[in-house]
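# A closer look at the structure
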Amino acid sequence: GEAGWRSADFPGNDGGLPMIDALFDLLGTFYQSGNFEQAEWIARSILLAIPDDIVSLQFLGLLYHRTRRRAQAVQVFAATAAGDAPASAVPPGLGDSSLQASAQCRRAASSRGSTLAGAWYDLGRLLLRLGHRQQAVEALQAAVAAQPDLHKARRAMAQITRNSGRQEAPAPEVGTDGS
């Protein structure tokens, strides 16, 4: 069964969320290696600890898509698109603790050197294909923040910018270009 993790369950945790960085790093490592089952378990574990976290929910949607559970993926992305303002817009010290925790998740998942750069890129392409343009741009920006030399993410953002205001060509299927 699934174990529910709370940040206070970890030794040495002072009530903050220092383990979030490690969990997102592990999620990225499993994703990169193609171990989607373990990556999904990590994403679900983060959601158990921080139920309002849109980042791990989006990665869960990506994992559903990659494991051919497309209907579940579409449901997840529809729910995240209908959500409130992104947690990253909440300044530290303001808002409720769940929004601050979700903002911590976004920072952890997109910090420079994050193992999730490739997953952010795949997520951005998938969101664009599903018509979630703004979320796609945010995912691609996170990919570049995590790995500044990820040229394919920069090219995808430039293409979105060029296509703004006119009909966009669908992005290629995630995982079909060898990325």
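It should be noted that the structure appears before, not after, this text.
Structural notes, computed from the coordinates. If you're wondering where the values come from, they're calculated on a predicted model, not measured in any experiment.

## Some details on the overall build of the protein
For the protein, the count of helices and strands is 8 helices and 0 strands. Secondary structure elements in the protein, listed N-terminal to C-terminal, are α-α-α-α-α-α-α-α. Counting all 179 residues of the protein, 43% fall into the buried class. Counting only contacts in the protein whose residues sit at least 6 apart along the sequence, the fraction spanning at least 24 positions is 63%. Surface exposure of the protein reaches about 9100 Å², of which carbon and sulfur atoms provide 52%.

## Quick word on the nonpolar core
One recurring pattern in soluble globular proteins: nonpolar side chains tend to sit buried together. In this structure, Phe24, Leu27, Phe59, Leu116, Trp120 and Leu123 are the most contacted members of the largest nonpolar core, which totals 47 residues. Those elements giving two or more residues to this core turn out to be helix H1 (18-32), helix H2 (36-49), helix H3 (54-66), helix H4 (70-81), helix H5 (97-110), helix H6 (117-129), helix H7 (133-146) and helix H8 (151-163). Excluding residues that lie within four positions of it along the chain, Leu123 makes contacts with Gln58, Phe59, Leu62, Phe77 and Ala139.

## Side note on the packing of H2 against H3
Packing of H2 against H3 brings their axes to within 9 Å, and their N-to-C directions diverge by 155°. In terms of their interaxial angle, H2 and H3 are classed as roughly antiparallel. Like other packed secondary-structure pairs, H2 and H3 cross with a definite hand, here left-handed. Residues Phe36, Ala39, Glu40, Ala43, Arg44, Ile46 and Leu47 of H2 form the contact with H3, whose participating residues are Ser56, Leu57, Leu60, Leu63, Tyr64 and Arg66. Along the lines of polarity and charge, the residues of the contact of H2 with H3 split into 9 nonpolar, 1 polar and 3 charged.

## What about the packing of aromatic side chains?
Per the counting criterion, the structure on display carries 2 aromatic pairs. Between the aromatic rings of Phe59 and Trp120, the centroid separation amounts to 4.8 Å while the plane-to-plane angle is 65°, which identifies the pairing as edge-to-face. A residue pair is termed long-range when its members are at least 10 positions apart, and Phe59 in helix H3 and Trp120 in helix H6 qualify at 61 residues. Judged by relative accessible area, which is 2%, Phe59 ranks as buried.

## Describing H6
Here H6 spans 19 Å end to end across 13 residues, near enough to the 18 Å set by a 1.5 Å rise per residue. The buried count for H6 comes to 11 of 13 residues, which makes it a mostly enclosed element. The set of residues buried in H6 consists of Ala117, Ala119, Trp120, Tyr121, Asp122, Leu123, Gly124, Arg125, Leu126, Leu127 and Leu128. At the C-terminal side of H6, Gly131 shows a positive phi close to 90°.

## Some points on the environment of Gln32
Positionally, Gln32 belongs in helix H1. Between the alpha carbons of Gln32 and Ala117 there is a distance of 9.4 Å; along the sequence they are 85 residues apart. Within polar-contact distance, the side chain of Gln32 engages the backbone oxygen of Thr115 at 2.8 Å.

## Observations regarding H7
Three- or four-residue spacings in an α-helix give side chains the same orientation, since the helix completes a turn every 3.6 residues. Its 14 residues give H7 an end-to-end C-alpha distance of 20 Å, which sits within 8% of 20 Å, the value for a rise of 1.5 Å per residue. All buried positions along H7 are accounted for by Gln135, Ala136, Val137, Ala139, Leu140, Ala142, Ala143, Val144 and Ala146.

The rules behind the values
Residues numbered from 1 in each chain as written. Predicted model: local features only at pLDDT ≥ 70, side-chain atom pairs only at ≥ 80, totals over all residues. Heavy atoms only, no water. Helix = DSSP H or I, 4+ residues; strand = E, 2+ residues; numbered from the N terminus. Buried < 20%, exposed > 50% of the residue type's maximum accessible area, 1.4 Å probe, protein only. Contact = heavy atoms within 4.5 Å. Areas by Shrake-Rupley, 256 points an atom, 1.4 Å probe, with all protein chains shown as cover. Core = buried A, V, L, I, M, F, W, Y, C linked by side-chain atoms within 4.5 Å. Axes fitted to C-alpha atoms, helices over the stretch in contact; angles between N-to-C directions. Parallel < 35°, antiparallel > 145°, perpendicular 65-115°, else oblique. Left-handed = near helix turned anticlockwise from the far one by under 90°. Nonpolar A, V, L, I, M, F, W, Y, C, P; charged D, E, K, R; others polar. Phe/Tyr/Trp six-rings, centres within 6.5 Å; stacked < 30°, edge-to-face > 60°. Expected span 1.5 Å × (residues − 1). Polar contact = N/O pair within 3.5 Å; in protein donor to acceptor, adjacent residues only side chain to side chain.

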